[in-house]
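Listed below are the residues making up each chain.
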Amino acid sequence: MPARLQTLGHLRLLDEGGNDIVFPEKALLILCYLQTRGVSDMPRADAASLFWDDSNSAAAFANLRQTVSRTQKRQRELDRIYLTFTDTSIGLGPDAVESDIDGVHDGACLPVLAATLTDDFLKHVKPGNRALSSWIMLQRAAHMAILRGALLDNNGQGGTGLRQARAAAALRLLEGNPDDEEVRAMLTGRPAASPILMTAQPPARVLTLQDADIGFARPNPPRVVLLPPVTTLAARAATRFSEALIEDVTIGLCALRSISIIAPHTAAQISLQADRAATYERHKISYILETRLRDEGDHHSLFTQLIFFGSDEVVWAERFPLSAEGLARSRQMISHQIAGSIATEIERNELVRGDYEIDAKAYRSFLTAQGQSKNLDLRDIRRARKSFREALKENSNYAPALGGLAHNYFLEWVLTARGDHELLKQAELHAQKAIEVDERLPSGYRELGIVKLYTRQFDESAAYLDRAEELSPNYANVIASYADTLVQGSRPDIGLQKIEHAIELNPLPPDEYFWIAASASYALDRYEDALAYINRMNDKQPAHRLSAASWAMLGDRKKARLFVRRTYESNPDFDFESWTAIIPFKEEWQRKHYYDGLKKAGF
């Protein structure tokens, strides 16, 4: 059985079992070039100039000779000859090699093309010169032209398989060219027409898909990715429902000309990435739709949330109850509601998106700082401050960075536990400036509310956080900060409810969410719950004092003293009496409760 050359996505040579055959990458490129062009050989001089730096022919020929030597050695080890070499040429060898694009040609059936062309030709190859780059781009364009032609030739009714192939092909084409109205018409079933300006809708109204169809294509439309649904359900009906729902929503959103949709295959690949944030940045994605299907005994529920990547803000969230026997009946209604809500929220959020993305260099530095702020580590916090300042060097009125810098100063104040008033002052100044620059962004109000909390101005803190939540009711970070205010303001019961809601909106939150939940649990005498929340933190060091107090209240002095020692090891200058004096509890019972636990622990 012949080997198989994979050219879509990663360039690989596979054996009959689908396992990788280790082979020099440049040799694979040459093999790919010969097969794709349908020629049996090419001059060595052409190979040297195409696959290496064409501006330095001596170096190119030297690199070619090294590749030839490595390839011949590897072929002897494999006892296969995929490429032959003479003094003047390189050709295909006697051992046959199939290619994943053998079936990609004019006249190929749409289901085959849609199933094959789910990824870009030589997607991960980095061309060393313009000639190779141009050739790769030509192949990609040819593939899309063949797919488009097959799609438009299959405009009639068909079975389920053909309808799915048409949808997959149309989504793939629209990902690369959102302005292709003929393809959009194929997908939505509506005639291609010149769009009319999309007008903002009143807040109480959700756009229908028919409303969405009237949008102009923006010059820089936001890119939206709908991640595959997360489900722990074993029921095949529920799994099929969730997958079909995402397909319906994706197709529905393609009627909205003012956004660009990531194709489902790419979305599936993104969902597998370990560092999704870096992937979102690389793909220039502005919004992420996440869905989770849950089995709740006698019924299912579907939780959906739309996240704006720039601020890591949940701009819309909804839970849909589903009866187990009514999944299929509810699918169309829910998909229309989700797609319409997404259309509405993206339209509302466009001014905010512009605030974040309008300055590319500042935005890049801001995203770097956001990533560095995920862990409550003093070194990372200070690295993030440098990145926030780099963003402000690019644009001194970049409100997101001003809000981020305000939170950064506050985090250092908490982590150092020295009561440094200058840090809180800097946090307050940057929060106030963020509000002055852009009063629509909730982050400035959030940070000012936090500062007011830790300067014991509880009413002012609640007022600012109320305003932040009013501006963005599903912004998990705002809800978490409001929860902290309630906990410190001696309302830990309500604070715990709020932080649990924030964690539900942001299931992979920063450590401070769990820290707030642990503080609320301690205040409610739920010490085991407090320790469980601390255990969910990536970096537990900032919560060592709370761990010590919780273990002491549970009567385990040995473990309590362990965390006392760890506190002083990580912060040798920690002054217990000074620190407990500045903890901003509103009522004395709560301060005394925490103080007693810490003293029992051995502070």
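The preceding data block contains the structure.
These figures come from a predicted structure and were not determined experimentally. (Residues numbered from 1 in each chain as written. Predicted model: local features only at pLDDT ≥ 70, side-chain atom pairs only at ≥ 80, totals over all residues. Heavy atoms only, no water.)

A. Molecular detail of the environment of F388. Residue position: F388 is located in helix α14 (residues 378–394). Note: C-alpha distance between F388 and Y398 (10 residues apart in sequence) is 9.7 Å. Other than its neighbours up to four places away in sequence, F388 contacts F366, A369, Q370, S373, A401, G404, L405 and N408. (Helix = DSSP H or I, 4+ residues; strand = E, 2+ residues; numbered from the N terminus. Contact = heavy atoms within 4.5 Å.)

B. Geometry of the nonpolar core. Ranked by size, the top nonpolar core spans 169 residues in total, and within it L13, F51, I338 and I499 carry the most contacts. Sort the elements by how many residues they give to this core and helix α15 (residues 399–416) lands first, with 10 residues. Sequence-distant contacts of I338, defined by excluding residues within four places in its chain, comprise L245, V249, L289, L302, T304, W316 and F320. Judged by nonpolar contacts, the second largest core, of 8 residues, contains A431, I435, L448 and V478. (Core = buried A, V, L, I, M, F, W, Y, C linked by side-chain atoms within 4.5 Å. Buried < 20%, exposed > 50% of the residue type's maximum accessible area, 1.4 Å probe, protein only.)

C. Focus on the side chain of D484. Following the sequence through the fold, D484 ends up in helix α19 (residues 476–488). In this structure D484 is buried but unpaired, with R446 as the nearest side chain of opposite charge at 8.4 Å. Side chain to side chain, D484 and Y454 meet in a polar contact 3.0 Å long. Excluding anything up to four places from it in sequence, D484 contacts L453, Y454 and I516. (Lys, Arg positive; Asp, Glu negative; His and termini not counted. Salt bridge = Lys/Arg side-chain N within 4 Å of Asp/Glu carboxyl O. Polar contact = N/O pair within 3.5 Å; in protein donor to acceptor, adjacent residues only side chain to side chain.)

D. Focus on the side chain of T279. Mapped onto the fold, T279 is located in helix α11 (residues 276–282). Judged by relative accessible area, T279 falls into the buried class, the value being 3%. Contacts of T279, omitting those with residues within four sequence positions, involve I270 and Q273.

E. Representation of the pattern of salt bridges in the model. Counted according to the given criterion, the structure contains 20 salt bridges. Where R385 meets E412, a salt bridge forms, and the shortest distance between an N and an O atom there is 2.5 Å. Within this pair, whereas R385 is found in helix α14, its partner E412 is found in helix α15, the two being separated by 27 residues in sequence. The two residues R385 and E412 agree in class, both being buried.

F. How the structure looks around the packing of aromatic side chains. Summed over all chains, the structure comprises 21 aromatic pairs. A ring pair is formed by F585 and Y594, whose centres lie 6.2 Å apart and whose planes are at 75°; its orientation type is edge-to-face. You can call F585 buried: its relative accessible area is 11%. Sitting above the plane of the W579 ring, R545 keeps its charged end 4.3 Å from the centroid. (Phe/Tyr/Trp six-rings, centres within 6.5 Å; stacked < 30°, edge-to-face > 60°. Lys NZ or Arg CZ within 6 Å of the ring centre and 35° of its normal.)

G. Representation of the sheet that holds strand β6 (residues 97–99). Spatially, 3 strands are ordered β2-β1-β6 in an open sheet, and the strand pairing comes out mixed. Single-partner strands in this sheet number two, and they are β2 (12–14) and β6. In this sheet, neighbouring strand axes are inclined to one another by 30° on average, regardless of whether the strands run parallel or antiparallel. Here strand β1 (residues 3–6) runs beside β6; their pairing, made up of 3 bridges, is parallel. The residue of β6 that forms the bridge with A3 is V97. (Pairing = 2+ DSSP bridges. Axes fitted to C-alpha atoms, helices over the stretch in contact; angles between N-to-C directions.)

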